[in-house]
Amino acid sequence: MRNIKKSINFFRNDLAVYFFFALLSTVLMLPFYKHNLLNAGSDMQFHLNRINEIYQNMRNGGFFPYLSTYSFNHMGTPLNLLYPAPFLFVFAALRFVISNPVTATYAGISLIIFAALSVTYFTGMKYWNKQRRKSLLCALFYGLSASYFEVIFQSFDLGEAFAMIFLPLVIYGTYSLFFRDKAEWVLLALGMSGVIYSHVLSTVIYVFYALIILVIALVAARAKVRQRLQSLLYAVLLTSCLTAFFIVGFVTTILKTHLAITQVFVLEDHTDGLGTLLVNSLNNEQLGILPLFFIFLLPLVWRRLKTEARVIAGIGLGTCLLVTPAFPWGMLQNTPFAFIQFPTRLLVVASLFLAVTMVNVFAVLQISAKKKLIPIFLLPLLLFSGNTYLFFNSTKNQPLINYQPNASRKMPLINFQVGSKDFNNLLGYNAGVGSTDYWPQGSSNYAAELFAGTALIDNKKVQIERSLQPNGATFEVFVAKKGKAVDLPMLNYHTYTVTVNGKVVSYTNSKRNTIKVKLQHGKNQIKVTYQPTALLVWSKYLSLLAALGTIWLLFKKRK
């Protein structure tokens, strides 16, 4: 009876922590709600168009938008098969319950912060064996870190922000396989699946750090390595099943069409010198002032840290050095690592390892009294609020997009702001970041005319009527002579059903890599609809079954 009562009290305390996170993530966003403006990071227009595609699909009776027909200039790019979309459904759903699109967007960001705090706390409770204060402190250090603020607000990279939610599960899940009695391979699979469904580039980075932990375990010659490698295999298999829908869609789309993949940059040009990193962190940017303070404090307590805590600190510090020119990034330019684009992305991983390190340092210094802890708990909150003030101050003079962009008056790529009344200006003509991502190779040479919705009949440019629907479009074209072909302003990814006046017809690939169809004399109604392959459909069911199986496994483990 006493154990039952103790469990109930523990559960109540955990509920109180999650309620605190919900309240905190709401309060911290209040200045943004009052601000009622969205300030463009480099990826803002890109992600808001993706959210709009899902929202419009749901409004019009669709569910999953394989193609982007309502956004990205209506070109039919299979963006959500190549850039994960599931968590954006939350943002789209909020549009139905919150009429102000700016408020709805900030409400979605509030949920990201809440999820990051909650998942980090949950993971910390496992790592520190239910030590609530340590877990709570780690959640605040990571979930409210300067690097997280930068990803969400300054870059507006929602994909990376989603992936960061699951990073603690990936790191702890891998760690538990080799360094804990209980191998939490289901948590590892959940974490890695969450990352894959969030951001492909983050997946590459997080797998690299999981491999580092694996190498450390093998070098340390932990007991039952073979058994633990078997658990790792289980995690890989479960992850593969959970993410089969995205993996199959991603791979089959790439194999069918030669794509212009996301731009690759010169890695060495996107590192930061150690001095720059130091100065930016002192301004509570990039790494942040709080982790920097503890880095300077580490030499004083290094000998008192346990070996495991030293390794964690070493990984965090080593990651900080990786983002500087001290690491020979040029040697990796022609490897898959080039697709991470910016080595500074690694700082988000450093922020987690250093958050754990900060908690370990507190433990060594024996800062546990409530009176001493309260100011420490407040520090991340105050620094987050300070960053909010500085962000508003630095963006207050950005131009307001109170006009409808077009070919002659384009929007800036970054550093602009938009209010609720002008929100839809972001969703029309789009020549911004990511507007030609994942197009067939060579199609970008015709970007101007495709953005304008220009069709070609006998190589003559014409404007035609177009109506949109989920995963497709309908075109109205009149031709004076039978047998003429129309080159539609819709990209060809080779998986469509095309009808002309209700009759299924064949189609070809044009020089623009768009859909080309022969027409009958007179008025022609051309309907183009994306048809998912049987393999993609079956992979969707496999992922759903795997999700149900994972829920069963989690409940089974709790008994």
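Look above for the structure.
Nothing here was measured: the structure is a model prediction, and the numbers come from that model.

## Concerning the pairing of strand β5 (residues 465–469)
Along any regular strand, the residues point their side chains to alternate faces of the sheet. As defined by bridge partners, β5 adjoins strand β6 (residues 472–479) across five bridges and the pair is classed as antiparallel. In the strand pairing of β6, Q469 is matched with G472. Hairpin connection between β5 and β6: a loop of two residues separates the two successive antiparallel strands, and N471 in this loop has a positive phi of roughly 60°.

## Concerning the environment of Q56
For Q56, the location among the structural elements is in helix α3 (residues 44–59). Here the alpha-carbon distance between Q56 and A92, two residues 36 residues apart in the chain, equals 8.6 Å.

## Observations concerning the nonpolar core
Counting 172 residues, the largest nonpolar core has F153, Y206 and I526 as its most contacted members. Top contributing element to this core by residue count: helix α9 (residues 158–179), with 16 residues. Sequence-distant contacts of I526, that is, excluding residues within four places in its chain, are made with A473, T474, F475, V477, V486, L488, V498, T499, V500 and L519.

## Examining unusual backbone geometry
Notably, N36 is not glycine yet its phi reads approximately 55°, a positive angle. Examined against the element boundaries, N36 turns out to sit in the loop between α2 (30–35) and β1 (37–39). For D458, which is not glycine, the phi torsion reads 55° and is therefore positive. With respect to the helices and strands, D458 occurs in the loop between β3 (454–457) and β4 (460–463).

## What about the pattern of salt bridges?
Under the definition given, this model contains eight salt bridges. Notably, a salt bridge pairs E449 with K461, separated by 3.4 Å at the nearest N-O pair. Here E449 is found in helix α19 (residues 447–451), whereas its partner K461 is found in strand β4, with 12 residues between them in sequence. Since its relative accessible area comes to 15%, E449 is described here as buried. Here K461 falls in the exposed class, since its relative accessible area comes to 56%.

## Focus on the packing of aromatic side chains
Under the definition given, this model contains 46 aromatic pairs. When the ring of F208 is compared with that of Y209, the centres are 5.3 Å apart and the planes differ by 85°; the resulting orientation is edge-to-face. The interplanar angle of 75° and the centroid separation of 6.0 Å between the aromatic rings of Y496 and Y507 together place this pair among those described as edge-to-face. With a gap of 11 residues between them, Y496 in strand β8 (residues 496–500) and Y507 in the loop between β9 (503–505) and β10 (508–509) connect regions that are remote in the sequence. An aromatic cluster of three or more residues is present, and its members are F32, Y33, Y106, F149, F153, F384, F391 and F392. Looking at R95, its charged tip hangs above the ring of Y55, at a distance of 4.2 Å from the centre. For the cation-ring pair, R409 lies above Y403, with the distance from its terminal atom to the ring centre recorded as 3.6 Å.

Conventions used here
Residues numbered from 1 in each chain as written. Predicted model: local features only at pLDDT ≥ 70, side-chain atom pairs only at ≥ 80, totals over all residues. Heavy atoms only, no water. Pairing = 2+ DSSP bridges. Helix = DSSP H or I, 4+ residues; strand = E, 2+ residues; numbered from the N terminus. Core = buried A, V, L, I, M, F, W, Y, C linked by side-chain atoms within 4.5 Å. Buried < 20%, exposed > 50% of the residue type's maximum accessible area, 1.4 Å probe, protein only. Contact = heavy atoms within 4.5 Å. Salt bridge = Lys/Arg side-chain N within 4 Å of Asp/Glu carboxyl O. Phe/Tyr/Trp six-rings, centres within 6.5 Å; stacked < 30°, edge-to-face > 60°. Lys NZ or Arg CZ within 6 Å of the ring centre and 35° of its normal.

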